[in-house]
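Chain by chain, the residues:
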Amino acid sequence: MLDRKVVKDFLEEELEGIEIPKDIPMKALVETFCKYTEDDYYEWLKDNFKSFFGNGPVDWDGIKEKIAKYSTD
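I will try to describe carefully the structure that is included in this document. If you're wondering where the values come from, they're calculated on a predicted model, not measured in any experiment. (Residues numbered from 1 in each chain as written. Predicted model: local features only at pLDDT ≥ 70, side-chain atom pairs only at ≥ 80, totals over all residues. Heavy atoms only, no water.)

## Focus on helix H2 (residues 26–53)
(1) Moving on: For H2, with 28 residues, the first-to-last C-alpha span of 39 Å sits near the 40 Å given by 1.5 Å per residue.
(2) Moving on: Once H2 ends, the next one or two residues include Gly-54, with phi positive near 85°. (Helix = DSSP H or I, 4+ residues; strand = E, 2+ residues; numbered from the N terminus. Expected span 1.5 Å × (residues − 1).)

## Remarks on a nonpolar patch on the surface
(1) Moving on: Nonpolar side chains collect at one region of the surface, where Phe-10, Phe-33 and Tyr-36 lie side by side and expose about 340 Å² of accessible area between them.
(2) Moving on: Topologically, Phe-33 is positioned in helix H2.
(3) Moving on: Judged by relative accessible area, which is 31%, Phe-33 ranks as partly exposed. (Patch = residues over 30% accessible without salt bridge, like charges linked within 9 Å, V, L, I, M, F, W, Y side chains within 5 Å. Areas by Shrake-Rupley, 256 points an atom, 1.4 Å probe, with all protein chains shown as cover. Salt bridge = Lys/Arg side-chain N within 4 Å of Asp/Glu carboxyl O. Buried < 20%, exposed > 50% of the residue type's maximum accessible area, 1.4 Å probe, protein only.)

## A word on the packing of helix H1 (residues 4–14) against H2
(1) Moving on: In the contact formed by H1 and H2, the axes pass within 10 Å of each other and the chain directions differ by 105°. Relative to H2, H1 is oriented roughly perpendicular. Contacts between H1 and H2 involve Arg-4, Val-7, Lys-8, Leu-11 and Glu-12 from the former and Met-26, Leu-29, Val-30, Glu-31, Phe-33, Cys-34, Lys-35 and Glu-38 from the latter. (Axes fitted to C-alpha atoms, helices over the stretch in contact; angles between N-to-C directions. Parallel < 35°, antiparallel > 145°, perpendicular 65-115°, else oblique. Contact = heavy atoms within 4.5 Å.)

## A short note on H1
Because each turn of an α-helix spans 3.6 residues, side chains separated by three or four positions end up pointing in the same direction.
(1) Moving on: Restricting attention to buried positions, one finds in H1 the residues Arg-4, Val-7 and Leu-11. Taken down its axis, H1 places every buried residue within 60° of arc, on the same side. Pointing more than 90 degrees away from the buried face of H1 are the exposed residues Lys-5, Val-6 and Glu-13.
(2) Moving on: Residues of H1 that are buried make contact with H2.
(3) Moving on: The backbone nitrogen of Lys-5 lies 2.9 Å from a side-chain oxygen of the residue at the head of H1, namely Asp-3. (Arc of directions from axis to C-beta. Polar contact = N/O pair within 3.5 Å; in protein donor to acceptor, adjacent residues only side chain to side chain.)

## Comments concerning the packing of H2 against helix H3 (residues 60–70)
(1) Moving on: At their nearest, the axes of H2 and H3 sit 9 Å apart, and the two run at 110° to each other. As judged from the angle between their axes, H2 and H3 are roughly perpendicular. Counting all contacts with H2, which are made through Ser-51, Phe-52 and Phe-53, the residues of H3 involved are Trp-60, Ile-63 and Lys-66.

What follows is the structure in structure tokens.
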């Protein structure tokens, strides 16, 4: 779940100089943008899960290679 305060700050910065219609409350804009983003994020996670773990049996040696590639330890 997205941090609504962070999203509000982000939207205020990105929309600087753009007039938001008076009949669109910032709270509603933030909440709707968060839900829109979270829906997309969930689909993105599912797609990445499939590509990371594969569609068949999990290739744990391949996972270990990915861990080594991205590890900062």
